[in-house]
Amino acid sequence: MLSGSIPRSLSRLTNLTTLDLSGNLLTGLIPPEFGDSLKLQGLYLGKNQLSGTIPERLGRLSSLVKLNFTSNKNLSGPVPTSFGNLKGLTHLDLSSNELSGVSFLQSLHR
């Protein structure tokens, strides 16, 4: 099992299409630099102990198809409005967190 914070340097893996760090003991914040990983299609960070808010920059991941942040319990704040830009998203799981607001859904109707 992995523990500690997620290394920001993972965002420098420019050809990475899937990052699955789920089911570990990762703590701290989700690195906003992941929003620069434009080839990322799947981001799985569920079942950890991540905290703070979800970075707005993740809404730049235009190739993202699957996003799972379930069961972190310490993730809080609003779901980023930039998630409305994730038009290719087919799977979104934000359950079992302390997140609020789903205003990004309104932009999906445009």
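Figured I'd write up the structure that's included with this text. (Residues numbered from 1 in each chain as written. Predicted model: local features only at pLDDT ≥ 70, side-chain atom pairs only at ≥ 80, totals over all residues. Heavy atoms only, no water.)

### Focus on the overall build of the chain
(1) Moving on: Secondary structure summary: the chain contains 1 helix and 9 strands in total.
(2) Moving on: Expected size for 110 residues packed as a compact globule is a radius of gyration near 13 Å; at 13 Å, the chain falls within 12% of this value.
(3) Moving on: Considering only C-alpha atoms, the chain reaches an extent of 40 × 30 × 20 Å along its principal axes.
(4) Moving on: Within the chain, buried positions represent 38% of all 110 residues.
(5) Moving on: Of the contacts made within the chain by residues no fewer than 6 positions apart, 51% connect residues no fewer than 24 positions apart.
(6) Moving on: Accessible surface for the chain amounts to roughly 5,900 Å². Of this, 52% is attributable to carbon and sulfur atoms.
(7) Moving on: One finds the centroid of the 10 positive side-chain charges in the chain at a distance of 5 Å from the centroid of its 6 negative side-chain charges. (Helix = DSSP H or I, 4+ residues; strand = E, 2+ residues; numbered from the N terminus. Rg over C-alpha atoms; globule rule 2.2 N^0.38 Å. Buried < 20%, exposed > 50% of the residue type's maximum accessible area, 1.4 Å probe, protein only. Contact = heavy atoms within 4.5 Å. Areas by Shrake-Rupley, 256 points an atom, 1.4 Å probe, with all protein chains shown as cover. Lys, Arg positive; Asp, Glu negative; His and termini not counted. Charge placed at Lys NZ, Arg CZ, Asp CG, Glu CD.)

### Side note on the sheet that holds strand β6 (residues 66-68)
(1) Moving on: Strand order across the open sheet formed by 4 strands is β2-β4-β6-β8, with parallel pairing between neighbours. Since the sheet does not close on itself, it has two edges, and those belong to β2 (18-20) and β8 (91-93), each with one partner. Between one strand axis and the next, the sheet turns through 10° on average, direction left out of account. (Pairing = 2+ DSSP bridges. Axes fitted to C-alpha atoms, helices over the stretch in contact; angles between N-to-C directions.)

### Things to note about the side chain of S82
(1) Moving on: Of note, S82 is situated in the loop between β7 (74-78) and β8.
(2) Moving on: Among the polar contacts listed, one links the side chain of S82 to the backbone oxygen of E56, at a separation of 2.5 Å.
(3) Moving on: Residues within four places of S82 in sequence aside, it is in contact with E56 and G59. (Polar contact = N/O pair within 3.5 Å; in protein donor to acceptor, adjacent residues only side chain to side chain.)

### Regarding the pairing of strand β5 (residues 49-52)
(1) Moving on: Two strands pair when backbone bridges link them, and strand β3 (residues 25-28) and β5 are joined in this way by 2 bridges, in the parallel orientation. When the bridges of β5 are listed, G28 appears paired with L50.
(2) Moving on: Bridging between β5 and β7 involves 2 bridges; their strand directions are parallel. Within β7, the position partnered with G52 by the bridge is L75.

### Structural notes on the pairing of β3
(1) Moving on: Sheet topology places strand β1 (residues 3-5) next to β3; 3 bridges connect them, and they run parallel. Following the sheet pairing, S3 is matched in β3 by L25.

### A short note on the pattern of salt bridges
(1) Moving on: Scanning the entire structure with this criterion turns up 3 salt bridges.
(2) Moving on: The closest approach of N and O atoms between D36 and R57, which form a salt bridge, is 2.4 Å. Within this pair, whereas D36 is found in the loop between β3 and β4 (42-44), its partner R57 is found in the loop between β5 and β6, the two being separated by 21 residues in sequence.
(3) Moving on: Judged by relative accessible area, which is 35%, D36 ranks as partly exposed.
(4) Moving on: Via salt bridges that share partners, D36, R57 and R60 belong to a single interconnected network. (Salt bridge = Lys/Arg side-chain N within 4 Å of Asp/Glu carboxyl O.)

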